[in-house]
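A closer look at the structure
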Amino acid sequence: MTEARCGPIHGVRVEDVVDQLDMQDEATQVYLDRNTHTFVTILDPFVYGEDVTEDQPDPEDLDPERFAPLPSTFDIHEWAILRDFCAGVEAPDLRPRLLRAVHGRGAFRVTKDLLFEHGLLDAWYAARDRALDGIARDWLDSLGLGSDLDETTAR
């Protein structure tokens, strides 16, 4: 992850939120327990199976005043983050190729292959980490957990 992320905001570590965002997929939803500052992961029983998910709480039973859902993969729009990264690539001969790749079939695989080929894959992951960091901070702030954020640790 990036060095832009640091310490806790009101007891919730930004790094921990980013890690949770990074691990989510379409078949999971993660909630922050506002009382304990721990995470509860709910797996989709249609994907993971009833035997795997039988011990987890029912999301409808979670008190919304206590449990806050993290932004889902649908809220994060990783494709838009990748597209914006590609649009910002300074190499004028590579940028159009990346923008075509990111809009084509198999966009993530093809674009990441091009980034790897041109030594930009680490830069992409750093940009993605910064974007997730910003999403995590905005989300924490929306919950009222980010108001004491020290400006020296901000994005």
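Report follows, based on the coordinates. Because the structure is a prediction, the values reported are computed rather than measured. (Residues numbered from 1 in each chain as written. Predicted model: local features only at pLDDT ≥ 70, side-chain atom pairs only at ≥ 80, totals over all residues. Heavy atoms only, no water.)

In space, the three strands of this open sheet follow the order β4-β3-β5, with antiparallel pairing throughout. If you trace the sheet from one side to the other, it starts and ends with β4 (38–43) and β5 (67–69), each paired once. When strand polarity is set aside, the average angle formed by the axes of neighbouring strands in this sheet is 30 degrees. Examined bridge by bridge, strand β3 (residues 28–33) and β4 share six bridges and lie antiparallel to one another. For Gln 29, the partnering residue across the bridge sits in β4 and is Ile 42. (Pairing = 2+ DSSP bridges. Helix = DSSP H or I, 4+ residues; strand = E, 2+ residues; numbered from the N terminus. Axes fitted to C-alpha atoms, helices over the stretch in contact; angles between N-to-C directions.)

Moving on to the packing of aromatic side chains. Aromatic ring pairs are described here by two measures, namely the spacing of the ring centres and the angle between the planes. On inspection of all chains with the given rule, the structure shows two aromatic pairs. The rings of Phe 85, Trp 124 and Tyr 125 are connected pair by pair, giving a single aromatic cluster. (Phe/Tyr/Trp six-rings, centres within 6.5 Å; stacked < 30°, edge-to-face > 60°.)

Before going further, it helps to examine the nonpolar core. If you look at the biggest cluster of nonpolar residues, it comprises 29 residues, and the most contacted ones within it are Val 17, Leu 21, Leu 32, Leu 70, Leu 98, Trp 139 and Leu 140. The set of elements that each furnish at least two residues to this core consists of α1 (14–23), β3, α5 (78–87), α6 (95–103), α7 (107–117) and α8 (121–142). At six residues, α8 tops the list of elements feeding residues into this core. When near neighbours in sequence (up to four residues on either side) are disregarded, Leu 32 contacts Val 12, His 37, Thr 38, Phe 39, Arg 66, Phe 67, Ala 68, Leu 70, Trp 139, Leu 143 and Leu 145. Counting five residues, the second largest nonpolar core, distinct from the first, contains Tyr 31, Val 40, Leu 62 and Phe 67. (Core = buried A, V, L, I, M, F, W, Y, C linked by side-chain atoms within 4.5 Å. Buried < 20%, exposed > 50% of the residue type's maximum accessible area, 1.4 Å probe, protein only. Contact = heavy atoms within 4.5 Å.)

A separate point is the layout of surface pockets. Roughly 210 Å³ of internal volume is contained in the largest pocket. Along its surface, the largest pocket is lined by 14 residues, and Gln 24, Glu 26, Thr 73, Ile 76 and Glu 78 are the ones closest to its centre. Among the elements that take part in the lining of the largest pocket, helix α4 (residues 73–76) stands out by supplying three residues, more than any other. The residue makeup of the lining of the largest pocket, split by class, is six nonpolar, three polar and five charged. (1 Å grid on protein atoms, 1.4 Å probe; cavity = no way out; pocket = protein on both sides within 12 Å on 5 of 7 lines; lining within 4 Å. Points joined across faces, edges and corners; volume = space filled by probe spheres on them. Nonpolar A, V, L, I, M, F, W, Y, C, P; charged D, E, K, R; others polar.)

As a further point, take a negative patch on the surface. Negative charge collects at one region of the surface, where Glu 50, Asp 51, Glu 54 and Asp 55 lie side by side. Here Glu 54 shows up in the loop between α3 (50–53) and β5. (Patch = residues over 30% accessible without salt bridge, like charges linked within 9 Å, V, L, I, M, F, W, Y side chains within 5 Å. Areas by Shrake-Rupley, 256 points an atom, 1.4 Å probe, with all protein chains shown as cover. Salt bridge = Lys/Arg side-chain N within 4 Å of Asp/Glu carboxyl O. Lys, Arg positive; Asp, Glu negative; His and termini not counted. Charge placed at Lys NZ, Arg CZ, Asp CG, Glu CD.)

By the definition in use, this model includes seven salt bridges. Between Glu 78 and Arg 128 there is a salt bridge, with its nearest N and O atoms 2.8 Å apart. Placement of Glu 78 in helix α5 and of Arg 128 in helix α8 is noted, with a sequence separation of 50 residues between them. With a relative accessible area of 24%, Glu 78 lands in the partly exposed category. Its salt-bridge partner being Asp 133, residue Arg 137 comes within 2.9 Å of it at the nearest N-O pair. Here Arg 137 and its partner Asp 133 are both found in helix α8, four residues apart, which amounts to about one turn of the helix. Each member of the pair, Arg 137 as well as Asp 133, is classed as buried. Three or more residues are tied together by salt bridges with common partners; here these are Asp 22, Glu 78 and Arg 128.

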